[in-house]
Amino acid sequence: MGATGDLTPELLARSVWSDEDMAAYEIPFKDVPFITIGGGIGSFVTVDYLRIAGVPASDIAVLSNIGHPWQTYEYLTRVSQIPRAERIRSDSSSRPDNIWGFPSYALTEAWRDKSVKHLLNVLTEPVFADFWTPRAGTVFEGLEREAARIGYQDMLVKCAVRMVRRREAGGYFVVGSPEGGPKRVVYRARYVHIAVGYPGLRFLPDLQHFRERYGDYEHVVNAYEPHEHVYEFLKTRPGTVIVRGSGIVASRVLQRLIDDREAHGLGTRIVHIFRTYVDGPHGPVFMRRRGGHGWAYQGFNYPKSVWGGQLKAQMRRLEGAERAALYKKMGGSGANTPWRRKWQRQLAAGRAGGWYETRKGTVDSVVPGAHGQLVSTVGGEEIRSNYIIDCTGLEADIAESRVLADLLEHGGAGRNPLGRLDVERHFEVRGTASGKGAVYASGTATLGGYFPGVDTFLGLQIAAQEIADDLARRGFCRRIGPVRSTAQWVRWLLNRPI
Amino acid sequence: MLPLLSGRIQTRLFLLALAGSLVTLLLAPLLPGPVKDHFLVLGAVALFGVGWELVYHLLMQFRWEKDWPTLFGLVTAVPEGLVVWLALRPEPLAFCLHFGAVWLAVWLLANGPMRVPFLRWRFRGGRLL
Ligand SMILES: Cc1cc2nc3c(=O)[nH]c(=O)nc-3n(C[C@H](O)[C@H](O)[C@H](O)COP(=O)(O)OP(=O)(O)OC[C@H]3O[C@@H](n4cnc5c(N)ncnc54)[C@H](O)[C@@H]3O)c2cc1C
């Protein structure tokens, strides 16, 4: 054993490390009881909960490759056509900057704009109005305020995390590579929380094939990568765009194409390909969802009661195949989008004007055509277009994330019925316990567990609450009861730092 | 809050006992008749309410979201008020004032402030126990 100060292959091959190893290899480490990896919205809401529960900032480290918690979210929403002034998908009381969800965003915007319009919307939704949702900008401003209030920057360590390894005497070692600093940082922690968001972009296989085969990354784009050049091109001359996918991102991209068409009098033609074409309301009487013109409609990515009502309670009791079946029934695997008046109007105009057409089926091939065009073949028909926008996926396999891959290989973690990370009802990653230590995970990596709404602000807060309560049971922090909750809420309202 | 049946009932009873009683005590000097009559009204809203919640729960099953929109929580005041009035026949104007104030207070609290002391309430389908 050489005292190299490096993580040698021999050490990396071992799943469990000890303090003696660290001494023998002369690897310095810091002690921090609670570490959260990721530093996005999931890490933020968890840290927010713990700070409100009384955990000092010095007991927490956020290891992240981004500088502020909403950075990745803002990037993804912006490229997928939700700039700051546009409204996001989730509702008024899904507030990642406020663990109580009160006052709701609608109240906040009503107060700021001195207008009851927002409140009337919330009062009459979803029957007489579309679901009210906050502007992206409102969300970011709130997060900025709360981050300052809880001293978020003091807890943040900029680095790319490589792995979490169990420590022989309990707890974990967490290894990260800082940006432009020393080669690595190592932490010794009792509790580790992982919220690394989306492991990567996923392209439709035929589009991936096209990009690789022809080296063309310009004409076939994913909605989650920057693709302004498509909209800029269409402003210079009329063109045809194929849109693939039927989720909210497809709705957004269509809105952008049509907004531009309306604003600049463009001649853009749109061909929208649905793999699954929904032509009307579907499902049995007690599980009946709206649909039409290809789309399945629902306000949020799951039925609302997944976040606190009947479906949440039901799913919590199910295991294995039964759970996977209920996921399927709720349409968790299929795409859906909200029914919004503006979108309905725009697409109806497009159908009437003949410049918005739909096709059902799968695409057999995409090849380059004449004049820099693309030729897609759908059920024998050849469709020519200038661009293809893939609006289907952000859901790569969890093993594409190096931390999660390492956790599966060395940490004892396993997969759930949907193939993602298997977590308990309180979001502890099953199989990863180490002495008195625990690893928790939240966000999209945990989809398929006892709680389906994981990849949403509210879902991340629900996970944070479960985690904070579990940590309270373990004696790491206090359980927030009614008195503390109320007192802390007043502090939040007055923007008093904790 | 997305209600469970048990959560609906618990929340109703809790808020009527707390906010309902407070509003009743505050309004009592303005209302004709003895205070006990007004508490009788309150009791009836609670008692019949348990039955109503069963009906609402059933109706909710026809909704894909399994939710209960904010507006429903307000307009259900009409049938509920009518049934209580028919059962007890109190003085109409005073009843409207009292019942309306209680209903509004409960509805307002359930749509936000409840979450402040009870951090887990909204994720537990409205259950307090
Ligand atoms: C376009 C879009 C719109 C959405 N709209 C809504 C909405 O309206 N309402 C809603 O509730 N939800 C919405 N969501 C879903 C979800 O709430 C957000 O994506 C949210 O940001 C997820 O938080 P997270 O912490 O899981 O991931 P992120 O916020 O993405 O944070 C994870 C971070 O971890 C970092 N990371 C990953 N690996 C490592 C590593 N090894 N070391 C260090 N750092 C690492 C990543 O860089 C990333 O910044 C939306 C998602 C998308 C994509």
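Going by the structure above, here's the rest.
Residues numbered from 1 in each chain as written. Chains lettered and ligands numbered in written order. Predicted model: local features only at pLDDT ≥ 70, side-chain atom pairs only at ≥ 80, totals over all residues. Heavy atoms only, no water.

Visitor: Any details on the site of the ligand? Residues and values, ideally.
Guide: Residues and elements named next belong to chain A. Of all residues adjacent to the ligand, which total 29 residues, the nearest are Gly42, Asn65, Thr72, Ser90 and Phe457. Take Asn65: an N or O atom from its side chain is 2.6 Å from an oxygen atom of the ligand. In this structure, Arg89 approaches the ligand through a main-chain N or O atom, which is 2.9 Å from an oxygen atom. Expressed as a share of its isolated accessible area of 980 Å², the protein-covered part of the ligand is 90%. For the shell around the ligand, the secondary-structure elements that each account for two or more residues are α3 (41-52), α4 (71-79), β5 (156-167) and α16 (457-473). Here the shell around the ligand takes four residues from α4, the largest share from any one element. Of the residues that constitute the shell around the ligand, the class distribution is 16 nonpolar, 11 polar and two charged. (Near = heavy atom within 4 Å. Polar contact = N/O pair within 3.5 Å; in protein donor to acceptor, adjacent residues only side chain to side chain. Areas by Shrake-Rupley, 256 points an atom, 1.4 Å probe, with all protein chains shown as cover. Helix = DSSP H or I, 4+ residues; strand = E, 2+ residues; numbered from the N terminus. Nonpolar A, V, L, I, M, F, W, Y, C, P; charged D, E, K, R; others polar.)

Visitor: Give a detailed account of the side chain of Ser92 of chain A, specifying residues and quantitative values.
Guide: Note that Ser92 of chain A resides in the loop between α4 and α5 (105-113). Separated by 3.1 Å, the side chain of Ser92 of chain A and the backbone nitrogen of Ala106 of chain A make a polar contact.

Visitor: Before we move on, could you go through the environment of Tyr214 of chain A and cite the residues and values that matter?
Guide: Residues and elements named next belong to chain A. Of note, Tyr214 is situated in helix α9 (residues 205-214). In this structure, the C-alpha to C-alpha distance between Tyr214 and Tyr297, residues 83 residues apart in sequence, is 36 Å. In this view, Tyr214 contacts Val366, Val367 and Pro368; residues no more than four positions away in its chain are not counted. (Contact = heavy atoms within 4.5 Å.)

Visitor: Any details on the packing of aromatic side chains? Residues and values, ideally.
Guide: For the coordinates displayed, the defined rule picks out 23 aromatic pairs over all chains. Pairing Phe102 of chain A with Trp489 of chain A gives two aromatic rings, centres 5.8 Å apart and planes at 20°, and the pair type is stacked. Separated by 387 residues along the polypeptide, Phe102 of chain A in the loop between α4 and α5 and Trp489 of chain A in helix α17 (residues 482-493) bring together distant segments of the chain. Judged by relative accessible area, Phe102 of chain A falls into the buried class, the value being 15%. The class for Trp489 of chain A is buried, based on a relative accessible area of 15%. Summarising the aromatic geometry, the rings of Phe286 of chain A and Phe62 of chain B are spaced 5.0 Å apart at their centres and angled 50° between planes, so their arrangement reads as tilted. (Phe/Tyr/Trp six-rings, centres within 6.5 Å; stacked < 30°, edge-to-face > 60°. Buried < 20%, exposed > 50% of the residue type's maximum accessible area, 1.4 Å probe, protein only.)

Visitor: How would you explain a nonpolar patch on the surface if you had to name every residue and give the values?
Guide: A contiguous nonpolar patch, built from Val285 and Phe286 of chain A together with Val55, Leu58, Leu59 and Phe62 of chain B and spanning about 560 Å² of accessible area, is present on the exposed surface. Relative to the elements of secondary structure, Phe62 of chain B occurs in the loop between α2 (35-60) and α3 (70-75). (Patch = residues over 30% accessible without salt bridge, like charges linked within 9 Å, V, L, I, M, F, W, Y side chains within 5 Å. Salt bridge = Lys/Arg side-chain N within 4 Å of Asp/Glu carboxyl O.)

Visitor: Give a description of the interface of chain A and chain B that names residues and reports values.
Guide: Bring the parts together and some accessible area is lost; that lost area is often taken as the interface size. The interface of chain A with chain B comprises 45 residues on the first partner and 30 residues on the second. Across the interface of chain A and chain B, roughly 3200 Å² is buried in total on both sides, 60% from carbon and sulfur atoms. Summed over the three residues of chain A that lose the most area to chain B, namely Leu123, Phe286 and Gln310 of chain A, the buried surface amounts to 20% of that side. Inspection of the region where chain A meets chain B yields one salt bridge. (Buried area = accessible area lost by both parts, 1.4 Å probe.)

Visitor: Summarise the packing of helix α1 (residues 5-27) of chain B against α2 of chain B; cite the residues concerned and give the values.
Guide: All names here are of chain B. Two numbers describe how α1 lies on α2: the axes approach to 10 Å, and their chain directions differ by 155°. When the interaxial angle is binned, α1 and α2 end up roughly antiparallel. As for the relative orientation of α1 and α2, their crossing is right-handed in sense. Split into classes, the residues belonging to the contact of α1 with α2 amount to 14 nonpolar, six polar and three charged. (Axes fitted to C-alpha atoms, helices over the stretch in contact; angles between N-to-C directions. Parallel < 35°, antiparallel > 145°, perpendicular 65-115°, else oblique. Left-handed = near helix turned anticlockwise from the far one by under 90°.)

Visitor: Residue-level account of α5 of chain A, with values.
Guide: Residue and element names in this part refer to chain A. Regarding α5, the residues found buried are Tyr105, Ala106, Glu109 and Ala110. The buried residues of α5 occupy one face: seen down the axis, they fall within an arc of 135°. Buried residues along α5 sit in contact with α6 (117-124) and α7 (136-149). Lys114 occupies a position one or two residues after α5 and carries a positive phi of about 50°. (Arc of directions from axis to C-beta.)

Visitor: Describe the pattern of salt bridges, naming the residues involved and giving the relevant values.
Guide: All names here are of chain A. Across all of its chains, the model carries 45 salt bridges over all chains by this definition. Notably, a salt bridge pairs Asp19 with Arg167, separated by 2.7 Å at the nearest N-O pair. With Asp19 in helix α2 (residues 19-24) and Arg167 in strand β5, the pair connects residues that are 148 residues apart, well separated along the chain. Of the residues examined, Asp19 reaches a relative accessible area of 23% and is grouped as partly exposed. Salt-bridge contacts for Glu109 lead to Arg87; the nearest nitrogen and oxygen are separated by 3.2 Å. Separated by 22 residues along the polypeptide, Glu109 in helix α5 and Arg87 in the loop between α4 and α5 bring together distant segments of the chain.

Visitor: With reference to specific residues and values, describe the layout of surface pockets.
Guide: A volume near 480 Å³ is recorded for the second largest pocket. Taken together, 22 residues make up the lining of the second largest pocket; nearest its centre are Pro126, Phe131, Arg290 and Gly299 of chain A together with Glu65 of chain B. Classifying every residue of the lining of the second largest pocket by side-chain character gives 10 nonpolar, three polar and nine charged. (1 Å grid on protein atoms, 1.4 Å probe; cavity = no way out; pocket = protein on both sides within 12 Å on 5 of 7 lines; lining within 4 Å. Points joined across faces, edges and corners; volume = space filled by probe spheres on them.)

Visitor: Give me the lowdown on empty space enclosed by the protein, citing residues and values where you can.
Guide: Residue and element names in this part refer to chain A. Evaluation of the coordinates by the stated rule reveals two cavities of 30 Å³ or more. One number sums up the size of the largest cavity: a volume of about 60 Å³. The wall of the largest cavity is formed by Ser251, His293, Trp295, Tyr297, Thr337, Pro338, Trp343, Gln344, Leu347 and Arg351. When contributions to the lining of the largest cavity are tallied by element, the ones reaching two or more residues are β13 (295-297) and α14 (341-353). Here the lining of the largest cavity is composed, by residue class, of five nonpolar, four polar and one charged.

Visitor: Go over the sheet that holds strand β11 (residues 269-274) of chain A with me, naming the residues and quoting the values.
Guide: Residues and elements named next belong to chain A. Taken in spatial order, the five strands of this open sheet run β9-β18-β10-β11-β14, and their pairing is parallel. The strands lining the two open edges of the sheet, one partner per strand, are β9 (220-222) and β14 (356-360). Between one strand axis and the next, the sheet turns by 20° as a mean value, whatever way the strands run. With four bridges connecting them, strand β10 (residues 240-244) and strand β18 (residues 387-390) associate as parallel partners. Residue pairing in the sheet places Val243 in a bridge with Ile389 of β18. Helix-sheet contacts for helix α10 (residues 228-236) involve β9, β10 and β18, and the interaxial angle to β18 is about 145°. (Pairing = 2+ DSSP bridges.)

Visitor: Outline the sheet that holds strand β17 (residues 381-385) of chain A, supporting the account with residue identities and numerical values.
Guide: Residues and elements named next belong to chain A. The strand order across the open sheet formed by three strands is β15-β16-β17, and the pairing between neighbours is antiparallel. Unpaired on one side and paired on the other, β15 (363-368) and β17 mark the two borders of the sheet. Direction aside, the axes of adjacent strands within the sheet are offset by 20° on average.

Visitor: I'd love a proper account of the nonpolar core, names of residues and values included.
Guide: Residues and elements named next belong to chain A. Of all hydrophobic cores here, the largest spans 95 residues; its most connected members are Ile35, Ile37, Val164, Val174, Val192, Ile194 and Leu471. Setting aside residues up to four positions removed in sequence, Val164 forms contacts with Ile37, Tyr172, Phe173, Val174, Val192, Ile194, Val403, Asp406 and Leu407. If you look at the next biggest cluster of nonpolar residues, it comprises 29 residues, including Val243, Ala250, Ile270 and Trp295. (Core = buried A, V, L, I, M, F, W, Y, C linked by side-chain atoms within 4.5 Å.)

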